[in-house]
Each structure stands twice: as structure tokens, then as C-alpha cells.
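Listed here are the chains, written in short residue letters.
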Amino acid sequence: MPDQQPAPHPAQMPGAPTAYAPPQARGVSASYRRWASILIWLASTIAVLVVGAFVVSLVLLAQADADVGNAGYGYLAIFLWFGIVAAIPVLLAVAIPGAVMTRRVRQQRQAGITL
């Protein structure tokens, strides 16, 4: 080992540079803003449909309970409940990205960054 020369510069460790600054957020485009509003409108439409289906299912259950001849309405109410259960993940899949995108658009608008 004595015949090896030391390196002229100390070895650099991989990683962040010494003066690290967080990356600056880019401005959002017009299509990004449009998709954010589309997702929010779609989520609110799905939510209104889910609430409406729930109210209709309660009415159907009341009608089915009132008379034996209307017992089929109970099955329609159960069918609506399956629809509600199936719509909840779709609602979440649309509402969460829409809310995140809308928040980002508002932050960029407040900061004055546009494209």
C-alpha cells in the first residue's frame, strides 16, 4: 500500500449537492386546469347520483314494507345499494385527483405562476 498515491481530490459522495434547493414547481397549463374542473364536476355529479339513489332506495323500502304486493320494490332498493357500493370507489378515484389538481391550480394562481 505504501506505493499508492493519494487521490488529488477527495472522493465525492453521491447524493445531494451541498447547496440544495427544492425544485421549483412549474406552472400549470390550460388543459391541466380544464381537467381539474372536469374531475371536480364529475365527482360532484356522481355524489349527487349516489345521494339520490340512497333516497330512492329508502322510499322503495318504505313502499315495500307498506304492502305485501309491493315486495318487489325491496329488491330494487337492494339493487340500488349495490350500485351505491360500486360507485363509491369511482367517486373516490375521481374526487381525490380532482381535489389535488384544483389545490395545485389555486396555489399556482396565488403565487402568480402561469403558462
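Before going into details, it helps to say that this report is about the structure given with it. (Residues numbered from 1 in each chain as written. Predicted model: local features only at pLDDT ≥ 70, side-chain atom pairs only at ≥ 80, totals over all residues. Heavy atoms only, no water.)

**Some points on the nonpolar core**
With 11 residues, the main nonpolar core is built from Ala36, Leu39, Ala43, Ile46, Val50, Ala53, Ile84, Ala87, Leu91, Val94 and Met101. Listing elements by their share of this core, those giving two or more residues are helix 1 (30-66) and helix 2 (72-111). In terms of residues, this core owes the most to one element, helix 1, which gives 6 residues. Apart from the residues within four sequence positions on either side, Ala36 is in contact with Gly98, Met101 and Thr102. (Core = buried A, V, L, I, M, F, W, Y, C linked by side-chain atoms within 4.5 Å. Buried < 20%, exposed > 50% of the residue type's maximum accessible area, 1.4 Å probe, protein only. Helix = DSSP H or I, 4+ residues; strand = E, 2+ residues; numbered from the N terminus. Contact = heavy atoms within 4.5 Å.)

**Re a nonpolar patch on the surface**
On the surface, a nonpolar cluster with roughly 970 Å² of combined accessible area is contributed by Val51, Phe54, Val55, Leu58, Val59, Leu61, Tyr75, Ile78, Trp81 and Phe82. Counting only elements with at least two residues in the nonpolar patch, the list comes to helix 1 and helix 2. In terms of residues, the nonpolar patch owes the most to one element, helix 1, which gives 6 residues. Tracing the backbone shows Tyr75 in helix 2. (Patch = residues over 30% accessible without salt bridge, like charges linked within 9 Å, V, L, I, M, F, W, Y side chains within 5 Å. Areas by Shrake-Rupley, 256 points an atom, 1.4 Å probe, with all protein chains shown as cover. Salt bridge = Lys/Arg side-chain N within 4 Å of Asp/Glu carboxyl O.)

**A word on helix 2**
Compared with an ideal rise of 1.5 Å per residue, which puts 40 residues at 58 Å, helix 2 spans 57 Å between its outermost C-alpha atoms and is within 8% of the ideal. Within helix 2, burial applies to Gly74, Ala77, Ile84, Ala87, Leu91, Val94, Gly98, Met101, Thr102, Val105 and Gln108. Elements that come into contact with the buried residues of helix 2 comprise helix 1. (Expected span 1.5 Å × (residues − 1).)

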